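Coordinates in review
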Amino acid sequence: MRHADMSSTRLVLAIASFALAPAAAFAHHPVYGKFDPSADLTLSGIVTYVDWRNPHAHIFMNVADGEAMLNWAVELESPIDLQANGWTQATVLPGDAITVAGIAARDGTRQVWGESVVRGDSGSRIFRVSNEPPPPPLAPRPTPRWPDGRPALGGTADAIDGYWGYPSATVLVEDGVDAAMDASGLLEDLDDAARVAPMQPWALALYRHRQERSLRDDPMYLHCKPPGGPRQYLSHLGFQLIEDRESERIFVLLGSGNHNYRIIYLDGREHVGQVGGDDDNPLYYGRSVGTWQGDTLVLDTRGFNEDFWLTSGGLPHTSRLRLIERFTRIDMETLEYEVTIEDAGAYTRPWTSGWTLRWVGGEELPVHFCQNNRP
C-alpha cells in the first residue's frame, strides 16, 4: 500500500489479484485504463477544491510530503450518480480534512481513483454510490397501450412519464457466451476474447489490443464521443422513447453521451442520408427505419461511422455495420431489447445479443454532458 498522511509519505505497492481489485461501479469509462488496480493508495489531507462536473467529479486535496505540500486529484463517480445517492458539491468543502483510499494513476501523476472517502472530523464514509434498481411490484402490471391497441414504448397521455434504465447487461456479448468480465467490459481472461463474438482475425487482434491496454483508448473516454450502436442502451443513465404518432416517428433521448438523440422513422421511407451525416443522421446512431411486427417494434439501422466502439469492452465494427433491433414491452416495468449485428467487414457471420431494461416511472431522464474535466 502507498500511504501519504499529514506528516510523511510512505510508498509501498501491494499487488492485488484482478478478482479482488476494486470494481468500477458503473460502466462510464474504463477506470483501469487510467488507474492501476495493483497500486493501492491511501491519502490524508485537506480539501482545496471540488470540481462537480461530468464525466467524473474530482476532489483536489493538499497532502504533506515531508516539508512539501503536494496537491492531489481524487476522481469519483459522475455527479449524476453521486447526487442520486444523496451527495452534493457541498458534502465536502475547502478546508475539510479527509482520508481517501483507492488506486493510483498508471502514469505516475498525482491522481487517485477514490474507492473510499472518509471525513476526518466524524470518521463517516461519504460519496458511496449504488445503482440497485427499485424493487419490482408484487404482481406485473399490464403493458400500457394506445387507444388503437399498440403498445406504448414510453409514457402515454394518461400515464406517469419516465424512462428506461437499469439494463440487465452493461457489455455487448453474443447470446449464450460465458466470458467473465467487469462492468466496463474488461475480460478477466484474455483467452476468452475469441468467444465474445465471431470476429474476423483483424477484428479479434484489434479487440485484444484494446483489452490489453485496459480499454484506455475508448473514444468515449478520450474525446467524449457518443455511445453509438447498441452501446446507447447499455448505460445505467437510461433513455426515453418519445412517440410522435402523428408524424410516424419515435425520438430516442439519451441520458448518456451528451444528451444526444436519434430518430426512428415509421413512415416507410428508405435509408437515405449524406455520408457526412445530417441533422437526423449523425452517423454515430445510424439511420433507423422501423415497422411493427405484432407487439414488437423492429428497426433496420444502417449508415454508421467508425468513430465509436460498438460496446464499452472494445468490440470493433466497420461502415458496413447493420443492426436489426427489436423492442418489446412485455409489461409495464420491462422492455426487452434484442439486436442482431451484421457486419461483413468485421464479423464472420451475423450474431445476436439482448437484455432487458426497467421502467423508471415518475423521474426525469438524467442529463449528462461530457465536459472532459479530467486533470
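Nothing here was measured: the structure is a model prediction, and the numbers come from that model. (Residues numbered from 1 in each chain as written. Predicted model: local features only at pLDDT ≥ 70, side-chain atom pairs only at ≥ 80, totals over all residues. Heavy atoms only, no water.)

1. Describing the side chain of Thr334
In this structure, Thr334 sits in strand 16 (residues 334-342). With residues near it in sequence (within four places) discarded, Thr334 still touches Trp164, Thr328, Arg329, Thr356 and Leu357. (Helix = DSSP H or I, 4+ residues; strand = E, 2+ residues; numbered from the N terminus. Contact = heavy atoms within 4.5 Å.)

2. Looking at the pattern of salt bridges
Within the structure shown, the criterion is met by 18 salt bridges. With a shortest N-O distance of 2.8 Å, Lys34 and Glu75 are connected by a salt bridge. Of the two residues, Lys34 sits in helix 1 (residues 31-34) while Glu75 sits in strand 5 (residues 68-75), which places them 41 residues apart along the sequence. We note a salt bridge from Glu333 to Arg141, for which the minimum N-O separation is 2.2 Å. Of the two residues, Glu333 sits in the loop between strand 15 (322-331) and strand 16 while Arg141 sits in the loop between strand 8 (125-126) and strand 9 (162-165), which places them 192 residues apart along the sequence. When its relative accessible area of 8% is taken as the criterion, Glu333 is described as buried. One connected set of salt bridges, linked through shared partners, spans Asp300, Arg302, Arg322 and Glu342. (Salt bridge = Lys/Arg side-chain N within 4 Å of Asp/Glu carboxyl O. Buried < 20%, exposed > 50% of the residue type's maximum accessible area, 1.4 Å probe, protein only.)

3. With respect to the environment of Arg195
By secondary structure assignment, the location of Arg195 is in helix 3 (residues 193-196). On the basis of relative accessible area, Arg195 is assigned to the partly exposed category, the value being 39%. Through-space distance from the C-alpha of Arg195 to that of Val177 is 6.7 Å; in sequence the pair is 18 residues apart. Setting aside residues up to four positions removed in sequence, Arg195 forms contacts with Val177, Asp178 and Ala179. Side-chain polar atoms of Arg195 contact the backbone oxygen of Asp178, separated by 2.8 Å. (Polar contact = N/O pair within 3.5 Å; in protein donor to acceptor, adjacent residues only side chain to side chain.)

4. So, the environment of Ser235
Looking at where Ser235 falls in the secondary structure, it is placed in the loop between helix 5 (219-223) and strand 10 (239-244). Residue classification places Ser235 among the buried positions, given a relative accessible area of 17%. Along the sequence, Ser235 and Gly257 sit 22 residues apart, while their C-alpha atoms lie 9.3 Å from each other. Not counting the four nearest positions on each side in its chain, Ser235 is found in contact with Pro167 and Ser256. At a separation of 3.0 Å, a polar atom in the side chain of Ser235 contacts the main-chain amide nitrogen of Leu237.

5. Some thoughts on helix 4 (residues 201-212)
Here helix 4 is twelve residues long and its end C-alpha atoms lie 16 Å apart, about the 16 Å a rise of 1.5 Å per residue gives. The secondary structure elements touched by the buried residues of helix 4 are helix 3. (Expected span 1.5 Å × (residues − 1).)

6. Let's talk about the pairing of strand 5
Sheet topology places strand 4 (residues 58-65) next to strand 5; eight bridges connect them, and they run antiparallel. Bridge assignment links Val63 to a residue of strand 5, and that residue is Leu70. Here strand 4 folds back onto strand 5 in antiparallel fashion, the turn holding two residues, of which Gly66 has a positive phi close to 65°. Direction of pairing for strand 5 relative to strand 7 (residues 111-119): parallel, over a ladder of three bridges. Opposite Ala73, over in strand 7, you have Gln111 as the bridge partner. (Pairing = 2+ DSSP bridges.)

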